[in-house]
Amino acid sequence: YSQARFSYVRMKYLFFSWLAVFVGSWIIYVQYSTYTELCRGKDCKKIICDKYKTGVIDGPACNSLCVTETLYFGKCLSTKPNNQMYLGIWDNLPGVVKCQMEQALHLDFGTELEPRKEIVLFDKPTRGTTVQKFKEMVYSLFKAKLGDQGNLSELVNLILTVADGDKDGQVSLGEAKSAWALLQLNEFLLMVILQDKEHTPKLMGFCGDLYVMESVEYTSLYGISLPWVIELFIPSGFRRSMDQLFTPSWPRKAKIAIGLLEFVEDVFHGPYGNFLMCDTSAKNLGYNDKYDLKMVDMRKIVPETNLKELIKDRHCESDLDCVYGTDCRTSCDQSTMKCTSEVIQPNLAKACQLLKDYLLRGAPSEIREELEKQLYSCIALKVTANQMEMEHSLILNNLKTLLWKKISYTNDS
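- The protein goes by FAM69 N-terminal domain-containing protein in an unreviewed UniProt entry, where it is assigned to Colobus angolensis palliatus.
- According to its UniProt record, the protein has this under Subcellular location (unreviewed entry): "Endoplasmic reticulum membrane".
- Database annotation for the protein, UniProt heading Sequence similarities (unreviewed entry): "Belongs to the DIPK family."

### What to know about the pattern of salt bridges
Here comes step 1: Evaluated as defined, the whole model comprises 15 salt bridges.
Here comes step 2: We note a salt bridge from Lys98 to Glu187, for which the minimum N-O separation is 2.9 Å. Remark: Glu187 occurs in helix H7 (residues 186-193) and Lys98 occurs in strand E3 (residues 93-100); sequence separation between them is 89 residues.
Here comes step 3: A relative accessible area of 0% means that Lys98 is categorised as buried.
Here comes step 4: When its relative accessible area of 0% is taken as the criterion, Glu187 is described as buried.
Here comes step 5: Glu342 is paired through a salt bridge with Lys308; the nearest N and O atoms lie 3.7 Å apart. Placement of the pair is Glu342 in the loop between strand E13 (338-339) and helix H12 (347-360) and Lys308 in helix H11 (residues 304-311), with a sequence separation of 34 residues.
Here comes step 6: Judged by relative accessible area, which is 24%, Lys308 ranks as partly exposed.

### Topic: the state of the cysteines
Here comes step 1: Enumeration according to the criterion identifies eight disulfides in this entry.
Here comes step 2: Here Cys352 connects covalently by a disulfide to Cys378, the sulfurs 2.0 Å from one another. Across the S-S bond linking Cys352 and Cys378, the dihedral sits near 80°, which makes this disulfide right-handed. Taken together, the residues span a long stretch of sequence, with Cys352 in helix H12 and Cys378 in helix H13 (residues 365-379) at a distance of 26 residues. Considered together, Cys352 and Cys378 belong to a single accessibility category, that of buried residues.

### Focus: the environment of Ser220
Here comes step 1: Relative to the assigned elements, Ser220 resides in the loop between strand E5 (210-214) and helix H8 (228-232).
Here comes step 2: Linking Ser220 and Gly286, residues 66 residues apart in sequence, is a C-alpha distance of 4.7 Å.
Here comes step 3: Those residues within four positions of Ser220 in sequence are excluded, and the remaining contacts are Ala282, Lys283, Leu285, Gly286 and Tyr287.

Thresholds applied
Residues numbered from 1 in each chain as written. Predicted model: local features only at pLDDT ≥ 70, side-chain atom pairs only at ≥ 80, totals over all residues. Heavy atoms only, no water. UniProt positions renumbered as here; feature names shortened; annotations may be inferred. Salt bridge = Lys/Arg side-chain N within 4 Å of Asp/Glu carboxyl O. Helix = DSSP H or I, 4+ residues; strand = E, 2+ residues; numbered from the N terminus. Buried < 20%, exposed > 50% of the residue type's maximum accessible area, 1.4 Å probe, protein only. Disulfide = S-S within 2.5 Å. Contact = heavy atoms within 4.5 Å.

In structure tokens:
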């Protein structure tokens, strides 16, 4: 009986061990397959460098990427195969490398707002195009994206300065092709527009539609970075608790939050129109070692004029059909079965929704009640409200004042 029981236990142990190995191997295989599909840095580099070596494109990062190889890709951060993102090193300086892998022939509103419309990559401008003609092309593009604003000519001149990567005072055909491809991407355009703002990462260089931007030390408001194998076995509820546990001290969180509020100011009716934050998740925001907020990913921050033009005639059955990203929502007009063009929530309301739990956890008791009241007032803010812009400015300034007042005499400020 003892021998039979021992054999049964051993067989049971071997079966479950084999099952665990099989399931573990399958999970690792699936995750590895997903990783190889998501992370295609070699393909990206080959496409860009082939174009550079044949003289099609040019830019300040081209020589380092394709000849001296002093710009190289590190850890893969990609979440979509067609949006490649890597930690990188360029001449011993850390940065983030972004590259667009695939062309989209139509606007797929559910996935990407900024596909390239050209059938052939880097086909514009063509040989023989004058600088004046190129300026007119860029002006027309900005007018479609940003609306008819009086200062677009200033932005065109700014783009020409950025496009002149070698700073020789002239924009070559290769530099113009690179600039034109990059201008289809909202994040690049926003970096140029907000290049002097504190919370926008700096553009380090580009080659074709590959660009390198300033690296951020901490790449999420919450939590710690764990290997993906470990992440698989952590329940989501426990992960959220871990995220809340591994955050900076409250005064430092307050400083980061002030940075987000300042960024909302930067994109709300800025010098070239209003931009809408269509994904305000914590993974798109980071901060440096001084706890100054830095945007990590701005690809879902889109010009309001551009978004309205694209969504206004979209067919819908309900309000759920009128969403871009995760946070830009309009309503469905049941009489026409078309999406309306007015976004329901302003950027500030979405930022406050993100900051609510972040700021209230560990908040000093003497300001907690007032802070909670202001955050909920902020979350309730609607675009359609009377005197919305006045309320927007008032709520934003009140929040900043409350937070600064509490931390202004601490080392964290």
